[in-house]
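Here are the chains, one letter per residue:
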Amino acid sequence: MGACHAVSVSLTINGTRHDIASDLDTPLVYVLRDELKLKGTKFGCGLEQCGACAVMVEGKAVLSCVTPVEVFDGKEITTIEGIAETEIGQRVQRAFVEETAAQCGYCTPGLVVAAVALLENTPTPDSETTKRALTPHLCRCGSHPRVLKAIKRATTT
Amino acid sequence: MSFEAYPLVSDWLNAHDDRLLIHTGKVDIGQRISTALIRIVQEELSLPPSRLDIAPVRTGHAPDEGITSGSNSIEQSGRAVAAAAATVRATILDLAVSRHGGAAADWKIDDGFVHRPGTNLRLDLIDLIRDLPPDLPIDPGRPRHVPEQAPLPAMRGIDDMVQGSFTFVHDLDLPSMWHARRISPPHAKATLRDIDQTKIENIEAKGLQIIRDGSFVAVAGAGEWDVVKAATSLGLACTWDQGGGLPETDISAQLAPENAERFRVVDGTPQNGSVPAPLDAPDMSARFERPYQIHGALAPSAALAEWTGDTLLLRSHSQGIYPLRAAIADSLGLTTSQVEITHVPGSGCYGHNGADDAAFEAALIAMARPNTPILLKWSREDEHVWEPFAPAMAVQVDAKLADGRIIAFSAEAYSDTHRGRPRPGPNRAGPAKLLANRFRAIAMDAYVSPPNMGTHAGMHRNLDPAYAFPDKRLVKNLVRGLPHRTSAMRCLGAVANVFAIESSMDEIARQADADPIAFRQAHLDDPRACAVLHELDRRIQARGQLRDGIGRGIAYAQYKNVMTRVGVAVEVAVTDTAEVRLDHAIIVADAGRVIDPLGLTAQLEGGFMQAASWALCEEVRWDRDGIMSRDWDSYPVIRFDNVPVIDVVLLNTSDQPSVGAGEASPGPTVAAIANAIYDCIGLRLRRMPFTADALTQAALEI
Ligand code: FES
Ligand code: FES
């Protein structure tokens, strides 16, 4: 950063505007977790390979572990902490609980975000569409079948 | 063993505010032990789950139950907690009688209260528990009180997990905490020669601290992203002596009798003495292989450490806080009372991953900066490259037949040790098994584990087939000095052994033109095994004709020969590009009395998915310059695009004791997939993983 002026980034996160103090090259996930203390978004690889860090940016699931925060300047971002603000978000969370769609739970926030983004764009996805939407996400505990059931439940209730 | 060592009720159950705290030394690693323990106490004492909690698992406070592994949590902690709760129930009723009269039978325990119907006497259960003598011993003879239909508690933590408020060790955030990253050597043989001094000065000028002890290097600072960037530039500033590089050993050739310490295995137990001669002129002979594989936790290992100048406070996702405490104290010249470790969840670990190593490294960094909490996180690459791997294995199977039946059967397992956990033992076994001790200025050599002579342990777990063959020859071959550090991964040797035995059963049944289920049943004398296979058959029949292009395989095993019995049927298709697609699966399990059916189902499904990933995708690759499997691209794993529909059937054997099931489904899953591939395209895959390349190669070899 040059010393002559402070370039600032502001983000709207879960409906609240934040002026960001972190360096511009900081990947979004570190800004969320460290500066804003929103620890629900997880770090799994830092390589856009596992899906743990997914957040919603203007209706789409986006991985937050590589792209610098400056790229998100002015954007509306929903993290797992804000996902229950929509009816679909609540439905998906409820369905995950009802189907016990988690084991250790580390992949869960990313999967919930991905499921909400999917259902906002495709209200009744077929199973192939759902699987495709979740393929960027890993679960090492093998909760996949329950996650698929949960998303199905969220579309029918 | 748990309650022999901790014989008091208060070792396991304690009133705290208006809740009853359950103490356990077992940590919840996604096997849902905390949910099961809550259910046990809830059933016994009719307390609502909202008034029950699990105490933090912390050294000096929790019972020392060793390591959480091997699906034994329920047998150990569960048995102790159940007996403690049954003792509480009886003693509470006596207390109510002595204080307020009547007979024990006049009092009822319900919804957290002890009351006497027909009166207004209503006593809070937890208040009464507070009044119990602190030295009240557990009476193991107390019959358990099991209500007909206790409501199922929800999985502990699930609400927080879906809301993002479940706290993992990675999420801890203390005032004035610093972040840390380690600088990995290029490979295990390398030693640090030098670090570019200008880079060091640049990093230190930013207020960061570099920690160095021999070839162990780390960087710490207040801002996490600054530390990540500094670690990258510090890594580039290091020059290393290569020490000859990693050996490019042909592991398959190394796993051979001439390199091995050999033991005959009888009734699941290795014996000293001579190994019987191989079968003469077997009718079937085949060798099966599993490569090195990683646990591959979704979250790289992490730990939080603080050195107060006198005490080391650690938070770790280790599966064994007491053994780890001993190993760390010994490594640092501290007494065990100077080290306190609290378990905080990590992501699922599936055995001994980087957790213990990260905890020790966090401690090393914290000792260099007293009074600052240090949160060390491994990178994705650290975890892939430096966690202890599941050892590569080979299993040689030979069989002799007469009249379509197996009359003699031989299985020989080959592998390096599965015991890399930092448990205390001779020759400072604990410290020697902590990774950083190999790199510190006073470096320790890699630990050479003695052979595991336990029953159904290590590589010989499930080497003994479930079948009543008239003649069995089982041999364990421990091969040491292989290139990689190895330790316990979910199921230990059972995966390769069941893969080998159940693929062989399939091959032999086909040669004999027999139905695979009937063929197995004809060799079984265990009625519960036959019942599992019978149910599997019924479910398969109900599916009707197989669609074109789909193949089906089955497999059966009883985990450790004494735990959950599992039959698996898998339907697969093979695409034009030789990819195996999982279409449908059936898992039939007999786990005795079922305490938490949903949890059991999740464990069986989870085991299936992980095993499918081992079977189809996973293999560690390396060359002289280091491990080449460094992330999820270079070490691919199963993803959502290959998830079959899985039907899980739990047989109801409520009169039988509960046994763990977390490790019961993987072995049969791998074998069932191999058998299904054969059924589909006529290729017998004898080496994991069954990738498109492996299928293509097998087709060329026909
Ligand atoms: S942490 Fe972003 S994809 Fe893995
Ligand atoms: S539940 Fe553990 S990684 Fe998905």
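Draft legend 1. Layout of the overall build of chain B. Per the secondary structure count, chain B includes 19 helices and 27 strands. On C-alpha atoms alone, chain B measures out to a radius of gyration of 27 Å, which is about the 27 Å that the 2.2 N^0.38 rule sets for 702 residues. Its C-alpha atoms give chain B principal-axis dimensions of roughly 80 × 75 × 50 Å. Sorting the 702 residues of chain B into buried and exposed places 60% on the buried side. Sequence separation of 24 or more characterises 77% of the internal contacts of chain B that already satisfy a separation of 6 or more. With the model as given, the accessible surface of chain B reaches about 25700 Å², and the carbon-plus-sulfur share is 48%. With 68 positive and 89 negative side-chain charges, chain B shows a separation of 2 Å between the mean positions of the two kinds.

Draft legend 2. Spatial organisation of the environment of Ala105(B). Residue and element names in this part refer to chain B. Secondary-structure assignment places Ala105 in the loop between α4 (73–100) and β4 (108–110). By relative accessible area, which is 75% here, Ala105 ends up exposed. Taking C-alpha positions, Ala105 is 65 Å from Asp633, a pair spaced 528 residues apart along the chain.

Draft legend 3. Seen up close, the domain arrangement of chain A. Residue and element names in this part refer to chain A. Domain boundaries assigned for chain A yield domain 1 (6–79) and domain 2 (83–156). At the junction of the two partners, domain 1 supplies 16 residues and domain 2 supplies 14 residues. In total, about 1200 Å² of surface goes out of reach between domain 1 and domain 2, with carbon and sulfur atoms giving 61% of it. Of all residues in domain 1, Lys42, Cys50 and Met56 give up the largest surface area on contact with domain 2, accounting jointly for 32% of the area buried on that side. For the interface between domain 1 and domain 2, the tally reads zero salt bridges.

Draft legend 4. Representation of the domain arrangement of chain B. Here chain B is partitioned into domain 1 (2–146), domain 2 (173–244 + 295–386), domain 3 (251–291 + 391–418 + 445–479) and domain 4 (494–700). Here the C-alpha centre of domain 3 of chain B lies 39 Å away from the C-alpha centre of domain 2 of chain B.

Draft legend 5. The confidence of the model for chain A, seen in detail. Residues of chain A with pLDDT of at least 70 account for 95%, and the chain-wide mean is 95. The low-confidence segment residues 1–5 of chain A, where pLDDT is below 50, has one contact with residues more than four positions distant or belonging to other chains.

Draft legend 6. Focus on the packing of aromatic side chains. Residue and element names in this part refer to chain B. Across all of its chains, the model carries twelve aromatic pairs over all chains by this definition. With a centroid separation of 5.7 Å and an interplanar angle of 50°, the aromatic rings of Phe499 and Phe690 are classed as tilted. Of this pair, Phe499 sits in helix α14 (residues 494–511) while Phe690 sits in the loop between α18 (666–681) and α19 (692–701), and the two are 191 residues apart along the sequence. Both residues of the pair, Phe499 and Phe690, belong to the buried class.

Draft legend 7. Fine view of the interface of chain B and chain A. With 54 residues of chain B at the contact, the number on the chain A side is 49 residues. For the pair chain B and chain A, the summed buried surface comes to about 4400 Å²; carbon and sulfur atoms form 58% of the total. Viewed at the interface, chain A and chain B are joined by eight salt bridges. When the shortest N-O distance is used, the salt bridge between Arg140(A) and Glu618(B) registers 2.8 Å. The interface formed by chain B and chain A includes 24 residue pairs in polar contact (both at pLDDT 80 or more). Sorting the residues of the side of chain B that touches chain A by element identifies α6 (158–163), β7 (178–183), α8 (224–237) and α17 (597–616) of chain B as the ones contributing at least two each. When residues in the side of chain B that touches chain A are grouped by element, the largest group, nine residues, is from α17(B).

Draft legend 8. Representation of helix α5 (residues 144–156) of chain A within the structure. Between the first and last C-alpha of α5(A) there are 19 Å, a value that for 13 residues agrees with the 18 Å anticipated at 1.5 Å per step. Among all positions of α5(A), only His144(A), Pro145(A), Arg146(A), Val147(A), Leu148(A), Ala150(A), Ile151(A) and Ala154(A) are buried. Of the surrounding elements, those touching the buried residues of α5(A) are α2 (87–98), α3 (108–121) and α4 (127–134) of chain A together with α17 and β27 (645–650) of chain B.

Draft legend 9. Seen up close, the sheet that holds strand β4 (residues 60–63) of chain A. Residue and element names in this part refer to chain A. What the five strands build is an open sheet, ordered β2-β1-β5-β3-β4; its pairing is mixed. Since the sheet does not close on itself, it has two edges, and those belong to β2 (16–20) and β4, each with one partner. Each adjacent strand pair in this sheet contributes to an overall mean axis angle of 40°, direction not counted. In this structure, strand β3 (residues 54–57) lies alongside β4, joined through four bridges in antiparallel fashion. Across the sheet, residue Ala54 finds its bridge partner in β4, namely Leu63. Helix α1 (residues 28–35) contacts β1 (9–13), β2, β3 and β5 (76–78) of the sheet and is inclined by roughly 105° relative to β2. Each of β3 and β4 is contacted by α3, which is oriented at about 30° to β3, the strand it contacts most.

Draft legend 10. Local environment of the pairing of strand β15 (residues 302–307) of chain B. All names here are of chain B. Burial within β15 is extensive, with five of its six residues counted as buried. Both β15 and strand β18 (residues 374–377) contribute to a ladder of four bridges, which runs antiparallel. Its bridge partner lying in β18, Ala303 is registered against Leu376. Where β15 and strand β16 (residues 312–316) come together, five bridges link them in antiparallel fashion. Along β16, the bridge assignment pairs Trp307 with Leu312.

Draft legend 11. Structural context of the pattern of salt bridges. Residues and elements named next belong to chain B. Scanning all chains against the criterion turns up 53 salt bridges over all chains. Arg79 is the salt-bridge partner of Glu4, the closest N and O atoms lying 3.8 Å from each other. With Glu4 in helix α1 (residues 2–5) and Arg79 in helix α4, this residue pair connects regions lying 75 residues apart in the sequence. The exposure class assigned to Arg79 is partly exposed, which follows from its relative accessible area of 42%. In this structure, the salt-bridge partner of Lys377 is Glu224, at a minimum N-O distance of 2.8 Å. With Lys377 in strand β18 and Glu224 in helix α8, this pair connects stretches of sequence that are 153 residues apart. Both residues of the pair, Lys377 and Glu224, belong to the buried class. What you see here is one network of salt bridges that share partners, running through Asp506, Glu507, Arg510, Asp679, Arg684 and Arg686.

Draft legend 12. Up close: the side chain of Thr653(B). Relative to the assigned elements, Thr653(B) resides in the loop between β27 and α18. Once residues lying within four places of it in the same chain are set aside, the contact partners of Thr653(B) are Arg528(B), Asp590(B), Gly592(B) and Arg593(B).

Draft legend 13. Main features of the sheet that holds strand β23 (residues 565–574) of chain B. Residue and element names in this part refer to chain B. Pairing is mixed across the open sheet formed by four strands, whose spatial order is β22-β23-β24-β27. The open sheet has two free edges, formed respectively by β22 (550–558) and β27, since each of these has just one partner strand. Ignoring which end each strand starts from, the neighbouring axes of this sheet average 15° apart. As paired strands, β23 and strand β24 (residues 580–590) are joined by ten bridges and run antiparallel to one another. Among the inter-strand pairings, Val572 is bridged to a residue of β24, identified as Leu582.

Draft legend 14. Spotlight on the packing of α3(A) against α5(A). Residue and element names in this part refer to chain A. For the pair α3 and α5, the least separation of the axes is 11 Å and the interaxial angle reads 35°. Considering how the two elements wind past one another, α3 and α5 form a crossing that is right-handed. Within the contact between the two elements, α3 uses Leu111, Ala115, Leu118 and Leu119 and α5 uses Val147, Ile151, Ala154 and Thr155. Residue composition of the contact of α3 with α5, grouped by class: seven nonpolar, one polar and no charged.

Calculation criteria
- Residues numbered from 1 in each chain as written.
- Chains lettered and ligands numbered in written order.
- Predicted model: local features only at pLDDT ≥ 70, side-chain atom pairs only at ≥ 80, totals over all residues.
- Heavy atoms only, no water.
- Helix = DSSP H or I, 4+ residues; strand = E, 2+ residues; numbered from the N terminus.
- Rg over C-alpha atoms; globule rule 2.2 N^0.38 Å.
- Buried < 20%, exposed > 50% of the residue type's maximum accessible area, 1.4 Å probe, protein only.
- Contact = heavy atoms within 4.5 Å.
- Areas by Shrake-Rupley, 256 points an atom, 1.4 Å probe, with all protein chains shown as cover.
- Lys, Arg positive; Asp, Glu negative; His and termini not counted.
- Charge placed at Lys NZ, Arg CZ, Asp CG, Glu CD.
- Domains from an automatic or database assignment.
- Buried area = accessible area lost by both parts, 1.4 Å probe.
- Salt bridge = Lys/Arg side-chain N within 4 Å of Asp/Glu carboxyl O.
- pLDDT = per-residue confidence, 0-100.
- Phe/Tyr/Trp six-rings, centres within 6.5 Å; stacked < 30°, edge-to-face > 60°.
- Polar contact = N/O pair within 3.5 Å; in protein donor to acceptor, adjacent residues only side chain to side chain.
- Expected span 1.5 Å × (residues − 1).
- Pairing = 2+ DSSP bridges.
- Axes fitted to C-alpha atoms, helices over the stretch in contact; angles between N-to-C directions.
- Left-handed = near helix turned anticlockwise from the far one by under 90°.
- Nonpolar A, V, L, I, M, F, W, Y, C, P; charged D, E, K, R; others polar.

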